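Now for the letters of each chain:
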Protein chains: 2
Amino acid sequence: MKRLFDIDPWKLKTTTLHKEDKRLQESLTAIGNGYMGQRGNFEEGYSADTHEGTYLAGIWYPDKTRVGWWKIGYPEYFGKVINAMNFIKVGIEVDGHPVDLATDNFSDFYLESDMKTGVLNRHYTWKSASEEIEIRFNFKRFLSIVDKEIAAIQISAEVLKGNPAIKLTSALDNNVQNEDANYEEMFWEAVETSVEKPAYLTARTVPNNFGIDRFTVTGAMVNQVTAVNYTVSSSESLLVAEEFSGKVAVGDTVTLNKYVAIVTSRDVGDSEQRVQARQLVEAAAHKGFDQLLVENTEAWATRWNKADVKIQGDDEAQQGLRFNLYGLFSTYYGEDSRLNVGPKGFTGEKYGGATYWDTEAFILPMYLSVADPEISRNLLVYRHNQLDGAVHNAQMQGLKGALYPMVTFTGVECHNEWEITFEEIHRNGAMVHAIYNYTNYTGDESYVLNEGVDVLVAISRFWADRVHYSKRNDRYMIHGVTGPNEYENNINNNYHTNRMATWTLEYTLDTLAKLSHEKAAELAVSDEERQQWQDIIEKMYYPYDDELGIFVQHDTFLDKDLTPVAELDPENRPLNQNWSWDKILRSPYIKQADVLQSIYFLNDRYTQEEKQANFDFYEPLTVHESSLSPSIHAVLAAELGMEDKAVELYSRTARLDLDNYNNDTEDGLHITSMSGAWLAIVQGFAGMRIVDGRLSFKPFLPKQWDSYDFKINFRDRLLDVHVAKDGLSLSLEEGESIDVLLWDDVVTLSDSIKQPLK
Amino acid sequence: MKRLFDIDPWKLKTTTLHKEDKRLQESLTAIGNGYMGQRGNFEEGYSADTHEGTYLAGIWYPDKTRVGWWKIGYPEYFGKVINAMNFIKVGIEVDGHPVDLATDNFSDFYLESDMKTGVLNRHYTWKSASEEIEIRFNFKRFLSIVDKEIAAIQISAEVLKGNPAIKLTSALDNNVQNEDANYEEMFWEAVETSVEKPAYLTARTVPNNFGIDRFTVTGAMVNQVTAVNYTVSSSESLLVAEEFSGKVAVGDTVTLNKYVAIVTSRDVGDSEQRVQARQLVEAAAHKGFDQLLVENTEAWATRWNKADVKIQGDDEAQQGLRFNLYGLFSTYYGEDSRLNVGPKGFTGEKYGGATYWDTEAFILPMYLSVADPEISRNLLVYRHNQLDGAVHNAQMQGLKGALYPMVTFTGVECHNEWEITFEEIHRNGAMVHAIYNYTNYTGDESYVLNEGVDVLVAISRFWADRVHYSKRNDRYMIHGVTGPNEYENNINNNYHTNRMATWTLEYTLDTLAKLSHEKAAELAVSDEERQQWQDIIEKMYYPYDDELGIFVQHDTFLDKDLTPVAELDPENRPLNQNWSWDKILRSPYIKQADVLQSIYFLNDRYTQEEKQANFDFYEPLTVHESSLSPSIHAVLAAELGMEDKAVELYSRTARLDLDNYNNDTEDGLHITSMSGAWLAIVQGFAGMRIVDGRLSFKPFLPKQWDSYDFKINFRDRLLDVHVAKDGLSLSLEEGESIDVLLWDDVVTLSDSIKQPLK
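Since this is a predicted model, take the numbers as computed values, not measurements.

Asker: What's the story with helix H2 (residues 270–287) of chain B in this structure? I'm lost.
Answerer: Each α-helix winds once per 3.6 residues, and so residues spaced three or four apart point in a common direction. Residue and element names in this part refer to chain B. Taking 1.5 Å as the rise per residue, H2 with 18 residues should run 26 Å; its terminal C-alpha atoms sit 26 Å apart, in good agreement. Residues of H2 that are buried: Gln273, Arg274, Ala277, Arg278, Val281, Ala284 and Ala285. Packing partners of the buried residues in H2 comprise strand E11 (150–161), strand E13 (188–194), strand E14 (199–205), strand E15 (216–226), strand E18 (253–264) and helix H3 (289–307). Directly beyond the C-terminal end of H2, a positive phi value near 95 degrees is found at Gly288.

Rendered as structure tokens:
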């Protein structure tokens, strides 16, 4: 655990520049607006260890994959979010000396990420080596969530001592590389620069051998400066800059307002980009920094009003939870159905890819409650649009139907390990569950009956081809899979995979029965197919152990040495940093919920006894070394009345990044697990479920807390749920009255209700 | 199938230059002397598709590995045999035009690899574009098996028409790269060149980050020319050359004798290399081309006398078999215990590494019979010398004892796939079996009792740590392995692995009982260890199926869809060129003997019924897509009296490379499977075994053949075994009389014996 920022309900703030943890500090102070984002780098640069990273949603490159021995079906490239134009760059020179906190004297340092408004603030007092000059620098920047193409930066320099010459060099710099490039290649080439105001720079991704479209990106900037004068503009390959300089007297302040517009070929054709970027940036400059900031702050307030969670009596938890919501909203707010929630968002490069099954399994359930339904629906549309890619993936394995990718930008798989690419196919189940989840939560069947069913049928066709029939057992089986527990692979009859496969077939058959004639004709599911699916449903093999009364994770799991985690010497943990892969694979230790993932997904299909027996068997073998693990276990522990266990598991997810629990946040934030704490509170502590189309709660209050409070958007209503020592209060903040279930009793909520806790 | 050379009992010969199969032709005409070797490249160069490759035994480079996601225990580098100094190079210019068969007119082409003498011969008549000049070129080269550092090349050019200026540029050229370099890096850097006669060139492998010693190599040359004059020497980085030129009249012949000596830092320190190389090359030149050739031819005759196999009535088989022996002897003849038999020998780059378990399992059994015992013993010493590396490999996985590597130069594992590196651990069994095999064959226990037992104990300690105890089953198990069938991996309780593990423990305990006190004290195997090993022997789990009466390949093998190979549409074959890896892994199809490998290794421990049941079950599921597969099956089929099956399987191995069955010989020869045909004949058709220390035969004669004949070196005797329609004849060619078993009857062989076949 490492904590770099003070506890504060709305802010990350510190008065320390952690030079040895600069990358970690940069990850935690990343900002984003769903369209673009960047790590908390310094405008003026930093000459010691740092990772400068700016990322644009949907702008990527197919990096030649790295693999030992090629085999048929392997993806040819590993798609990477690429480090893009550094547009925050403003070099600062004082009497010819570049200001650099890595080497210079400074005091009164302050760094703050304001989650309420989306603004990154920083200031410090800089002293020359001779101590004859002192300047107070102030930095403020944000990426507008109102005008997504716009970034605004304000830098002021107040001279406290001396009469220095100050030079500001504001640049757009596309000389950037990915740290994770497989072959240390550059992914950008120059197209055009212009110093004519507004100056602009256009860059293009380099050619590739995989038929992937190349992207062009244009940045344009307007720099407004007081107290010093424009001197010169310059441009070179992949860089354009404007310089401002002049002598500044004691007491005077230089202020630079830098406006940037970023336009990409995803939205604007190459020939229009320059015009568009210049128009946008001029409009922003005309509006002015303060007005942009006001609008942005209001927009964030609207988001928070729909989504905020308040925790009384635990400021750490409060900060952690808001940090997670802030991280997610900065990454994705559903405006563009071509986008998704990448594992690092705009905060780093690790893992590549835009999309993992995390989105469907862990992110969507939260967005359903904290934002408008369109936002969640767009996540489904994203997968629907990529159905062709999923069909391609199945074909690459010689299979029918659709196999959604583990990692992708386009729908085509680009993960580079066979045990994941070919085998972790339970992800297909998560795709279907998301459709079910959306439909069940919103009550809106239009998506599943018109678009969703395309995905359902394609995935069902995949399962029907991927199973095999074992004559000796008179059962269908699924061999050669990796379950959610990635600490094993190439296992046979993973319970979760088998269960999600038959559940998908059931859900698809149910949905087919509701289709319009036109849609049914379009899909052309034959009677033979239906019959085969029904046969698979009836004869699927599920490993089960009578003695233990549990579903078995896979065929030979119980043959392992089943020593529980608690008996392991703690110095072995985390296993993935201490054990060889061989030892991990053979161990019984579970990275994240596997059998329990089925029980979480298909919660209403299991008895309390089944839930308890499986939880009691598997949780003690679980090391929770995936950031996605503790939350699911917390939800189930809460359901089983194991409140202390639920709280313990919750605490592992709430401040994962803020306290750098996994010791890897320097690489970027764990964006796709940021919904975990929210799920633990809302589905866990508050026991929220949808039961026969009704919101249902069975809340408890963690002993450590005074109260907690969250918002739920549900079928045109906005509810506030408040759980305190003196009881549960529900308030209907928007929409018509509604029946809800409180501890299984139907209660009509018109205005507000209060009931004691049970 | 593709056949480039004529059928001939002792030669590969052709009058066609196969431009579209140049690489294949180069692989097949490779020559080597165990110390160095090279593909059948042309001295004068070739401007179209070719793979120029010269390789020096034990000279390698640790290439940075390529892997998707790093995990603990992965090897850091993949060791590569490196393409080394091209010392055959002799550029030929006629009136300024470089002679190049890729583009020029020529006739009367002839290419011949003479297996009896180890000489590569080539000639053609070259015509200028104007047809005004015609020259008859003749090339002869060999690598001396008498003076291992020496290569000799003779080139003659007889002018048939015109009065051309001929220029010969004889060079040592170290500007060479590996085609299989992971990051397209150059592995060599220049040290020194000198044009002072004898000219020399010293190169050194570039630095590496893995602490691997760098190699230096010095080549020195003497060029003796008639009919034209020396003109100039030149040198540049990594190249030294001597030019000879002059006008040549019709009827005159230019002859160049080029002698090269190659000395490396493996044998000679850097400061001595130049002196040594120059002395060696001068001595060779002094001896002269013809004398070197005579000596070399005699040495090959001695080898053939000990090892030849004659087949009457099947010239194709005859050629194939000699080609295999020739390929093996060119690669390894046991002079240097630091060397081993690499998968491509000196014929290509694929697979990297110097050593696979193939040596112990497939090569050693043949060398035991066809060469002196020291040659086989050196293969054991090689592994003994690398024991520290094997201990290191086990430690990397967090395990005790020794894990011999899948691929190595030093004993340290350098294969780059976890499912092989960590999992294909049955290879440890092959190491032990080789020691057993040597001891059993030679009757010499001195090796196992003094050196071999070190390996036995270290491997036993590995197995004892690698098994786990399953309480629920009261059995020891081995999870997470890859058996010899690499078309599955990460399986549990692979019969072969489990069996070889307990067999090793048994053999080690037996051996410990025979040790001297000193040796026993040195090894310090505790009573507790012995007890634990005994416990594992008694409680090891072996998957077995009562109904089928077979050992099951691994825990869930019988749950697969067990459709036999014969029912597969042939267009699916070979699977590894048509199916995705996913499909292969889930299929029941077996790449090479797995359960049957145990039955081959531990042949006397199984009943005839067990052998038959397992063969009948597994062979129909086997696709034999490893070059190592058919021979083992042929031996077992022969033992079971399935003569036609044995011959069919034999035919797949005998001309594997000559007829390019696997369509990949262009990459190099399958050196480590070259013993396969020999094994199929000697252990298969002739049924040779060692029974209680006696040679035993139960031969049959394939219907297609008139007779076959092979030599056996056994305990200071040289026997000739002749199997013909009219019976089995044994002749004792060297050594004292000996009792042998013929169809289980003891017969004393003093001079010769003849018995009818049964």
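Asker: I tried to follow the pairing of strand E14 (residues 199–205) of chain A on my own but got confused; where do I start?
Answerer: Side-chain positions along a regular strand alternate between the two faces of the sheet. All names here are of chain A. Within E14, six of the seven residues are buried, leaving the element largely enclosed by the surrounding structure. Across six bridges, the pairing between strand E13 (residues 188–194) and E14 is antiparallel. Bridging from a neighbouring strand, Ser194 pairs with Tyr200 of E14. Two successive antiparallel strands, E13 and E14, enclose a turn made up of four residues.

Asker: Looking at this structure, how should I read the sheet that holds strand E12 (residues 165–173) of chain B?
Answerer: The strands making up a sheet associate through hydrogen bonds between their backbones, and the pairing can be parallel or antiparallel. Residues and elements named next belong to chain B. With antiparallel pairing, the five strands of this open sheet are ordered in space as E7-E6-E12-E17-E16. The two strands at the open ends of the sheet, each matched to only one other strand, are strand E7 (97–98) and strand E16 (229–236). Here strand E6 (residues 90–94) pairs with E7 via two bridges, running antiparallel. Opposite Val94, over in E7, you have His97 as the bridge partner.

Asker: I'm lost on the UniProt feature "binding site: substrate" (unreviewed entry) in chain A in this one. Help?
Answerer: Residues and elements named next belong to chain A. Within this structure's numbering, the places UniProt gives as "binding site: substrate" (unreviewed entry) are Trp357, Asp358, Lys591 and Gln592. With respect to the element layout, Trp357 can be found in the loop between helix H4 (315–331) and helix H5 (358–370). Assessed through its relative accessible area of 2%, Trp357 is described here as buried. Setting aside anything within four residues of it in sequence, one finds Trp357 in contact with Phe362, Arg383, Met406, Glu424, His426, Arg427, Ala430, Met431, Pro484 and Gln592. By secondary structure assignment, the location of Gln592 is in the loop between helix H15 (581–586) and helix H16 (595–601). By relative accessible area, which is 4% here, Gln592 ends up buried. Dropping the residues within four chain positions of it, Gln592 is found in contact with Trp357, Phe362, Pro484, Asn485, Ser626, Leu628, Ser629 and His633.

Asker: Would you mind showing me how to read the sheet that holds strand E3 (residues 36–38) of chain B here?
Answerer: Residues and elements named next belong to chain B. The strand order across the open sheet built from four strands is E2-E3-E4-E5, with neighbouring strands paired in antiparallel fashion. Each edge of the open sheet carries a strand with a single partner, namely strand E2 (31–32) and strand E5 (77–83). Sheet topology note: the strand E4 (residues 54–64)/E5 ladder contains six bridges and is antiparallel. When the bridges of E5 are listed, Lys64 appears paired with Tyr77.

Asker: Would you mind showing me how to read the UniProt feature "domain: Glycoside hydrolase family 65 N-terminal" (unreviewed entry) in chain A here?
Answerer: In this structure's numbering, the residues bearing the UniProt feature "domain: Glycoside hydrolase family 65 N-terminal" (unreviewed entry) are residues 14–266 of chain A. Helix makes up 3% of residues 14–266 of chain A and strand 53%, with an end-to-end C-alpha separation of 38 Å.

Asker: I tried to follow unusual backbone geometry on my own but got confused; where do I start?
Answerer: Leaving glycine aside, a negative phi is the common case for residues, and trans is the common case for peptide bonds. Residue and element names in this part refer to chain A. A cis amide bond links Lys197 to the next residue, Pro198, at an omega of -10 degrees. A positive phi angle, close to 50 degrees, is found at Asn660, a residue other than glycine. The residue Asn660 is located in the loop between helix H19 (643–654) and helix H20 (676–685) in this model. For Asn660, a relative accessible area of 6% corresponds to the buried category. With a phi close to 60 degrees, Asn663 is a non-glycine residue in the positive phi region.

Asker: Quick question: what am I supposed to make of the packing of helix H9 (residues 427–442) of chain B against helix H11 (residues 495–512) of chain B here?
Answerer: Helix packing geometry: the angle between the two helix axes and the distance between the axes. Residue and element names in this part refer to chain B. Axis separation between H9 and H11 bottoms out at 9 Å; the angle between their running directions is 45 degrees. Our classification of the angle between H9 and H11 gives oblique. The element H9 and its partner H11 pack so that their crossing is left-handed. On H11, the residues that touch Gly429, Val432, His433, Ile435, Tyr436 and Thr439 of H9 are Met500, Trp503, Thr504 and Tyr507. The residue makeup of the contact of H9 with H11, split by class, is six nonpolar, four polar and no charged.

Asker: Would you take a moment to explain the relation of the copies chain B and chain A for this structure?
Answerer: Both copies of the chain are related through a single rotation about an axis accompanied by a shift along the same axis. Expressed as a screw operation, the relation of chain B to chain A combines 0.0 Å of axial shift with a rotation of 180 degrees, fitting to an RMSD of 0.0 Å. Both copies of the chain, as the preceding transformation shows, are related through a two-fold rotation axis. Closest to the rotation axis within chain B is the C-alpha of Val67 of chain B, separated from it by 2.4 Å. Both copies present the same face, since 100% of the interface residues in chain B are matched by interface residues at the equivalent positions in chain A.

Asker: I'm lost on the interface of chain B and chain A in this one. Help?
Answerer: Accessible area lost during the coming together of the parts is what is often quoted as the interface size. Counting residues at the interface gives 55 residues for chain B and 55 residues for chain A. Where chain B abuts chain A, roughly 4,400 Å² becomes buried across the two surfaces, and 51% of that area is made up of carbon and sulfur atoms. Area buried by chain B at its contact with chain A is led by Trp69, Arg472 and Arg586 of chain B, which between them contribute 17% of it. At the boundary of chain B and chain A, one finds six salt bridges. As a salt-bridge pair, Glu417 of chain B and Lys71 of chain A come within 2.7 Å of each other at their nearest N and O atoms. Looking at the side of chain B that touches chain A, the elements that each hand over two or more residues are helix H8 (418–421), strand E20 (468–470) and helix H14 (581–586) of chain B. At five residues, the largest contribution of residues to the side of chain B that touches chain A is made by H14 of chain B. The residue makeup of the side of chain B that touches chain A, split by class, is 19 nonpolar, 20 polar and 16 charged.

Asker: Sorry, what's going on with the packing of helix H4 (residues 315–331) of chain B against helix H18 (residues 643–654) of chain B here?
Answerer: Residues and elements named next belong to chain B. One way to put it is that H4 packs onto H18 with a least axis distance of 9 Å and a crossing angle of 55 degrees. Here H4 is positioned oblique relative to H18, judged by the angle of their axes. Handedness of the H4/H18 crossing: left-handed. Counting all contacts with H4, which are made through Ala317, Gly320, Leu321 and Asn324, the residues of H18 involved are Tyr650, Thr653 and Ala654. Classifying every residue of the contact of H4 with H18 gives four nonpolar, three polar and no charged.

Asker: Explain the pattern of salt bridges here, please?
Answerer: Where charged atoms of side chains with opposite charge meet at close range, the side chains can pair. All names here are of chain A. Applying the stated criterion to the full structure yields 116 salt bridges over all chains. The partner of Lys22 in a salt bridge is Glu26, with the nearest N and O atoms 2.8 Å apart. Of this pair, Lys22 and Glu26 are both found in helix H1 (residues 22–28), four residues apart, which corresponds to roughly one turn of the helix. Residue classification places Lys22 among the buried positions, given a relative accessible area of 2%. Counted as one network, the salt bridges with shared partners bring together Arg3, Glu316, Arg655 and Asp659.

Asker: It is not clear to me how the pairing of E11 of chain B should be interpreted in this structure. Could you clarify?
Answerer: Residue and element names in this part refer to chain B. Judged from the ten bridges that link them, strand E10 (residues 134–143) and E11 form a sheet pairing that is antiparallel. From the neighbouring strand, Glu134 faces E11, where its bridge partner is Lys161. Between E10 and E11, which follow one another and run antiparallel, lie six residues. Where E11 lies against E18, nine bridges are found, and the strand directions are antiparallel. Bridging across to E18, Ala157 finds its partner in Val254.

Asker: Sorry if this is basic, but what is going on with helix H17 (residues 629–639) of chain B here?
Answerer: Residues and elements named next belong to chain B. When you tally the buried positions in H17, you get ten out of eleven residues, the bulk of the element. What H17 keeps buried is the set Ser629, Pro630, Ser631, Ile632, His633, Ala634, Val635, Leu636, Ala637 and Ala638. Summarising the contacts, the buried residues of H17 are in contact with helix H5 (358–370), helix H15 (595–601), helix H16 (608–618), H18, helix H19 (676–685) and strand E24 (689–691). Positive backbone phi, approximately 75 degrees, marks Gly641, located one or two places after H17.

Asker: Explain the packing of aromatic side chains here, please?
Answerer: Centre-to-centre distance and the angle between the planes together describe a pair of aromatic rings. In this structure the tally under the stated criterion is 93 aromatic pairs over all chains. With centroids separated by 5.5 Å and ring planes inclined at 90 degrees, the aromatic side chains of Tyr436 of chain A and Trp503 of chain A adopt a geometry described as edge-to-face. With Tyr436 of chain A in helix H9 (residues 427–442) and Trp503 of chain A in helix H11 (residues 495–512), this residue pair connects regions lying 67 residues apart in the sequence. A relative accessible area of 23% means that Tyr436 of chain A is categorised as partly exposed. On the basis of relative accessible area, Trp503 of chain A is assigned to the buried category, the value being 3%. Here the aromatic rings of Phe685 of chain B and Phe700 of chain B are separated by 5.2 Å at their centres, their planes lie at 55 degrees, and the arrangement is tilted. Pair noted here: Phe685 of chain B is in helix H19 and Phe700 of chain B is in the loop between strand E25 (694–697) and strand E26 (707–714), with a separation of 15 residues, a long-range link. For Phe700 of chain B, a relative accessible area of 7% corresponds to the buried category. A network of ring pairs unites the aromatic residues Trp10, Trp300, Trp304, Tyr326, Phe329, Tyr332, Tyr333 and Tyr367 of chain A as a single cluster. Sitting over the ring of Phe42 of chain B, Lys22 of chain B keeps its end group 3.7 Å from the ring centre.

Rules behind the numbers
Residues numbered from 1 in each chain as written. Chains lettered and ligands numbered in written order. Predicted model: local features only at pLDDT ≥ 70, side-chain atom pairs only at ≥ 80, totals over all residues. Heavy atoms only, no water. Helix = DSSP H or I, 4+ residues; strand = E, 2+ residues; numbered from the N terminus. Expected span 1.5 Å × (residues − 1). Buried < 20%, exposed > 50% of the residue type's maximum accessible area, 1.4 Å probe, protein only. Contact = heavy atoms within 4.5 Å. Pairing = 2+ DSSP bridges. UniProt positions renumbered as here; feature names shortened; annotations may be inferred. Axes fitted to C-alpha atoms, helices over the stretch in contact; angles between N-to-C directions. Parallel < 35°, antiparallel > 145°, perpendicular 65-115°, else oblique. Left-handed = near helix turned anticlockwise from the far one by under 90°. Nonpolar A, V, L, I, M, F, W, Y, C, P; charged D, E, K, R; others polar. Least-squares fit on C-alpha atoms with pLDDT ≥ 70 in both. Buried area = accessible area lost by both parts, 1.4 Å probe. Salt bridge = Lys/Arg side-chain N within 4 Å of Asp/Glu carboxyl O. Phe/Tyr/Trp six-rings, centres within 6.5 Å; stacked < 30°, edge-to-face > 60°. Lys NZ or Arg CZ within 6 Å of the ring centre and 35° of its normal.

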